[in-house]
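Single-letter residue listing:
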2 protein chains.
Amino acid sequence: MQRYFVEPEAMTEDTVTITGDDVKHIVRVMRMKEGDEIICSDNNSKTVRCTLQLLGEEQVTAKIVEILHPHTELPISVTIAQGLPKGDKLDFIIQKGTELGATSFVPFSASRSVVKWEEKKARKKIERLEKIAKEAAEQSYRERIPTIQPAMTFSSLVEQVSSFSSCLVAYEESGKSGERSQLVQCLRNLKVGDSLLIVIGPEGGLTEQEIEQLEEAGAKLAGFGPRILRTETASLYVLSTVSYHFELMG
Amino acid sequence: MQRYFVEPEAMTEDTVTITGDDVKHIVRVMRMKEGDEIICSDNNSKTVRCTLQLLGEEQVTAKIVEILHPHTELPISVTIAQGLPKGDKLDFIIQKGTELGATSFVPFSASRSVVKWEEKKARKKIERLEKIAKEAAEQSYRERIPTIQPAMTFSSLVEQVSSFSSCLVAYEESGKSGERSQLVQCLRNLKVGDSLLIVIGPEGGLTEQEIEQLEEAGAKLAGFGPRILRTETASLYVLSTVSYHFELMG
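To start, this report covers the structure provided alongside it.

Procedures and definitions
Residues numbered from 1 in each chain as written. Chains lettered and ligands numbered in written order. Predicted model: local features only at pLDDT ≥ 70, side-chain atom pairs only at ≥ 80, totals over all residues. Heavy atoms only, no water. Helix = DSSP H or I, 4+ residues; strand = E, 2+ residues; numbered from the N terminus. Contact = heavy atoms within 4.5 Å. Buried area = accessible area lost by both parts, 1.4 Å probe. Salt bridge = Lys/Arg side-chain N within 4 Å of Asp/Glu carboxyl O. Polar contact = N/O pair within 3.5 Å; in protein donor to acceptor, adjacent residues only side chain to side chain. Nonpolar A, V, L, I, M, F, W, Y, C, P; charged D, E, K, R; others polar. Least-squares fit on C-alpha atoms with pLDDT ≥ 70 in both. Buried < 20%, exposed > 50% of the residue type's maximum accessible area, 1.4 Å probe, protein only. Pairing = 2+ DSSP bridges. Patch = residues over 30% accessible without salt bridge, like charges linked within 9 Å, V, L, I, M, F, W, Y side chains within 5 Å. Areas by Shrake-Rupley, 256 points an atom, 1.4 Å probe, with all protein chains shown as cover. Lys, Arg positive; Asp, Glu negative; His and termini not counted. Charge placed at Lys NZ, Arg CZ, Asp CG, Glu CD.

1. Some points on unusual backbone geometry
Part 1: Phi is positive for N43(A), which is not a glycine, with a value near 60°.
Part 2: The topology assignment puts N43(A) in the loop between β3 (37–41) and β4 (47–55).
Part 3: Phi at R31(B) takes a positive value of approximately 50°, unusual for a residue other than glycine.

As structure tokens, this is what we get:
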């Protein structure tokens, strides 16, 4: 069944009002009619099944027939801090990371980031990334759309570390230094409702100085297996293992 | 350090002879010189560090200086049977699946596969996919290049099931039917050297009939978390969890 996110104020006790681009999607793309069913989430904690009542050019109203409890959010909230990667990799990371349950994405400028985040284009860029996250959240039956923060400096990222229950830095050398099981230890120590920050460098990795600063702020270095993962693959590895640990093993 | 795969017969006790496209890569793209170091794998069990000696137009010879033991192969061999997906998704699945340690890829024609595998173009297609796998294997420091089989019929796939230690079918409804922990149970029962076949449907999923046939052949249905994953994401989830279970927790 087709899913849409609406603002919390668009959902009353018995009715949902859909506005914006989703109206076009319901009426023109999906060619739905009165009586057809959809699922709506208020991007907070309420998900409902409803039947379409009035289909207009500007808005669609639907009658709530059932309150659903999909339980599709990860039991711990995972924020992906991603060193700005090349090309359209950030699109990919956000689409796949949303499917796999990430709560939030924080792009940051790392020393070795080739791409720069242009302030002039920032708003447009964020809007595009938010659209990717919304569509992936609908497709994967998420209850919430992950948030996307504007790119921050590395020092701002370091300041954020202490606000999370735990912080891990993807570090490909850690197989050698015995930190291979750091991810396992970290997940074992986290409990439902905790927050985890994962810091991933850009294509060239983080510099030694950046790694030191993160460690001083309380982050731990963690290896994600003995193979070298591309920057866009590391977050998918972690999110899959968080799901495995908390949703399948738990 | 740059890595290259060579045929086993190209590696003697003290010398490696590189031919084909990799010569161009070493000489023209990387502009390497005599004395520069590279790592070579024979795609079987031998990985060496060596220094370049003679750089010609047709071949490059290198002297072996150290035998390495990277241990970058997953402890169990995982074969991904992928229902033919749309567009370039198969390229993506093979690139990322190689990074994450897959042993083999088996595309198959599912009832709901929109794309057909054209026999006329099959050889060219396999060659292109093998190139993607080779490059991803070099980049991720694999010891072996995963094999890619030509697309098989669904009935041939069913016949293969019994030749693996275990077979799981990605099944998004299994959250409801209590099969959420099937993946965990399966990994707990496997031991080093065992083989695992993962069957993933195309965009529209497998039909009930296909699922029944796989179950009759001995496959188990497994959910990969409560979110609905796109067809190209399911294999990445499983491979990440196999790495977590055997390489990090083990």
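After presenting the structure, the write-up continues.
2. Considerations on the interface of chain A and chain B
Part 1: Opposite the 42 residues of chain A that make contact, chain B presents 42 residues.
Part 2: Here chain A and chain B share an interface that buries about 3,500 Å² over both sides, 59% of which is from carbon and sulfur atoms.
Part 3: Looking only at chain A, the three residues that lose the most surface to chain B are R227(A), Y244(A) and L248(A), adding up to 23% of its buried area.
Part 4: Along the contact surface separating chain A from chain B lie six salt bridges.
Part 5: E232(B) serves as the salt-bridge partner of K96(A), at 3.1 Å between the closest nitrogen and oxygen.
Part 6: Our enumeration of links across chain A and chain B arrives at 20 residue pairs in polar contact (both at pLDDT 80 or more).
Part 7: Element by element, the count of residues in the side of chain A that touches chain B is highest for helix α7 (residues 231–248) of chain A, at eleven residues.
Part 8: Grouping the amino acids of the side of chain A that touches chain B by side-chain chemistry returns 17 nonpolar, 15 polar and ten charged.

3. Some points on the relation of the copies chain A and chain B
Part 1: Superposing chain A onto chain B takes a rotation of 180° combined with a translation of 0.0 Å along the rotation axis, leaving an RMSD of 0.0 Å. Taken together, the turn and the small shift mark the pair as related by a two-fold rotation axis. Judged by C-alpha distance, T241(A) is the residue of chain A that lies nearest the rotation axis, at 2.7 Å.
Part 2: Comparing interface residues between copies, 100% of those in chain A also sit at the interface in chain B, which points to an isologous, same-surface contact.

4. A word on the environment of L55(B)
All names here are of chain B.
Part 1: In this fold, L55 is placed in strand β4 (residues 47–55).
Part 2: A relative accessible area of 30% means that L55 is categorised as partly exposed.
Part 3: Taking the C-alpha atoms as reference, L55 lies 8.6 Å from I26; in sequence the two are 29 residues apart.
Part 4: Here L55 is in contact with I26, V27, M32, K33, E34 and V60, once residues within four sequence places are set aside.

5. A short note on the pairing of strand β9 (residues 166–170) of chain A
Part 1: When β9(A) meets strand β10 (residues 195–200) of chain A, the two strands line up parallel, connected through four bridges. Opposite V169(A), over in β10(A), you have V199(A) as the bridge partner.

6. Observations regarding a negative patch on the surface
Part 1: Where like charges cluster on the molecular surface, the negative patch consists of E208(A), E212(A), E215(A) and E216(A).
Part 2: Secondary-structure assignment places E216(A) in helix α6 (residues 208–216).

7. Quick look at the environment of G101(B)
Part 1: Position of G101(B) relative to the elements: it lies in the loop between α2 (89–99) and β7 (104–108).
Part 2: By relative accessible area, which is 1% here, G101(B) ends up buried.
Part 3: Linking G101(B) and P75(B), residues 26 residues apart in sequence, is a C-alpha distance of 9.6 Å.
Part 4: Apart from residues no more than four positions distant in its own chain, G101(B) is found in contact with R227(A), L74(B), R142(B) and L239(B).

Function cannot be read off these values alone, since they describe shape.
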